[in-house]
Amino acid sequence: MKKAFLTLGLLILVVGGYYAWRTWKKVYGPATGFAGKEQELLIPTGAEMVQVQDSLQAGNIVSDIRLFRWVATRKKYERIRPGRYVVPKGMSMNDLVNKLRSGDQDPVRITFNNIRNLPQLAGQMAKYIQSDSLEVLTAIMDPATIRKLGFNQATIISLFLPNTYEVWWTTTPDQLIDRMAKEYKQFWNDERRAKADALGLTQSEVSTLASIVQAETGKTSDAPKIASVYLNRLRIGMPLQADPTLVYALGLDSLNRVLHNDKRVDSPYNTYTHAGLPPGPINLPEPRFIDAVLSPAKTDYLYFCAREDLSGYSNFSTTYQQHLVNARRYQQALNKRGIYR
């Protein structure tokens with residue numbers, strides 16, 4: 001009888017230990033179901049537990065949703081914290097629930113460059129946060145926000161400096177604008193502000209001129225010389241006559257060749273018919289072009305024209321006569337390649 005009880009007790013211990021080990025392995029062992037290195041889980045603001053579970057199942061993030069519910073209940077995961085959570089392959093159910101329960105979300109990296117206008121900027125930003133592009137654009141164009149930051153509708157785009165920034169997926173458009181304002185203030189340090197003052201330009205005017213220089217060339221070495229041409233023209237009251245401003249005024253993304261008829265467009269951005277700088281930037285200038293304006297080459301150039309080899313570099317001149325020679329060579333190169341527009 002004693003033997004029987006001992007045997008039964010031992011059997012219960014073995015079976016109990018086996019099931020305890022299986023439970024421990026399920027909770028603390030690998031619990032992901034996807035094949036890649038990691039999977040992204042997005043929990044929007046206001047989500048409830050059922051939505052979290054649906055997302056875990058839809059993305060095959062966990063291999064056993066019932067086990068997730070079991071662990072979540074026992075660890076009292078009740079308050080849903082929104083965010084972007086990166087789940088590595090092989091993560092345990094215990095660690096996953098801990099991550100979600102504590103709100104240990106992972107940041108996103110917002111990158112924007114080669115931006116032409118605010119709608120495009122808003123669309124690019126909205127790719128990385130839970131707000132859509134209309135919400136972002138509405139926040140940027142809010143008159144109170146623009147006034148508070150010291151811009152107007154034409155210059156507010158210069159607040160955003162092309163770069164890569166780490167933010168939370170749950171960052172609101174207003175929070176994102178506040179972050180960009182801090183980056184802008186940090187960029188415009190005492191040295192840059194002093195250089196702008198020495199040129200007789202405001203920070204927004206520097207950005208406006210930098211946007212034109214950026215549209216003229218992708219060559220960093222040419223940028224300070226092109227900046228000097230425009231600054232020399234501003235200094236003597238000569239119209240900028242910048243073709244990229246015509247392209248902007250015409251509402252086009254790009255144009256290989258500007259025609260004389262284009263110069264008649266009725267727009268404050270037409271720098272052939274309006275002296276001085278246009279109302280605001282014609283694109284989002286990168287910091288290197290802003291610095292090219294702030295530290296221009298010391299030249300007497302009043303003219304430049306793209307080189308006839310179409311390398312992207314420019315020929316510079318001090319006289320209109322030499323400029324006509326350079327322009328004719330460039331036009332002949334375009335004609336030879338059948339580029340008429």
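Trainee: Which residues make up the environment of Tyr85, and what values do they have?
Mentor: Tracing the backbone through its elements, the reader meets Tyr85 in strand β2 (residues 83–88). Residue Tyr85 is classed as buried on the basis of its relative accessible area, which comes to 0%. Setting aside anything within four residues of it in sequence, one finds Tyr85 in contact with Gln39, Glu40, Leu41, Ile43, Lys99, Leu100, Gly103, Asp104, Gln105 and Asp106. Of note is the side chain of Tyr85, whose polar atom sits 2.8 Å from the backbone oxygen of Arg81.

Trainee: How would you explain helix α13 (residues 287–294) if you had to name every residue and give the values?
Mentor: Three- or four-residue spacings in an α-helix give side chains the same orientation, since the helix completes a turn every 3.6 residues. Listed in full, the buried residues belonging to α13 are Phe289, Ile290, Ala292, Val293 and Leu294. Those residues of α13 hidden inside the fold are in contact with α8 (173–187), α9 (190–199), α10 (203–216) and α11 (223–236).

Trainee: Can you break down the packing of aromatic side chains residue by residue, with the values?
Mentor: Tallying each qualifying case throughout the model produces ten aromatic pairs. Here the aromatic rings of Phe68 and Tyr77 are separated by 6.5 Å at their centres, their planes lie at 85°, and the arrangement is edge-to-face. The class of Phe68 is buried, set by a relative accessible area of 0%. Here Tyr77 falls in the buried class, since its relative accessible area comes to 3%. Pairwise contacts between aromatic rings join Phe151, Tyr184, Phe187 and Trp188 into one cluster. The ring of Phe187 carries the charged tip of Arg192 above its face, separated from the ring centre by 3.8 Å.

Trainee: Any details on the nonpolar core? Residues and values, ideally.
Mentor: By size, the foremost hydrophobic cluster in this structure holds 55 residues, and its most contacted members are Phe112, Leu121, Leu159, Phe160 and Tyr230. Within the residue set of this core, elements represented by two or more residues are β3 (108–112), α5 (118–126), α6 (133–140), β4 (163–167), α8, α10, α11 and α13. The contact partners of Tyr230, leaving out residues within four places of it in the chain, are Leu209, Ile212, Val213, Glu216, Leu240, Ala242 and Phe304. Listed in part, the 24 residues of the second largest apolar core include Phe34, Leu41, Phe68 and Met91.

About the cut-offs
- Residues numbered from 1 in each chain as written.
- Predicted model: local features only at pLDDT ≥ 70, side-chain atom pairs only at ≥ 80, totals over all residues.
- Heavy atoms only, no water.
- Helix = DSSP H or I, 4+ residues; strand = E, 2+ residues; numbered from the N terminus.
- Buried < 20%, exposed > 50% of the residue type's maximum accessible area, 1.4 Å probe, protein only.
- Contact = heavy atoms within 4.5 Å.
- Polar contact = N/O pair within 3.5 Å; in protein donor to acceptor, adjacent residues only side chain to side chain.
- Phe/Tyr/Trp six-rings, centres within 6.5 Å; stacked < 30°, edge-to-face > 60°.
- Lys NZ or Arg CZ within 6 Å of the ring centre and 35° of its normal.
- Core = buried A, V, L, I, M, F, W, Y, C linked by side-chain atoms within 4.5 Å.

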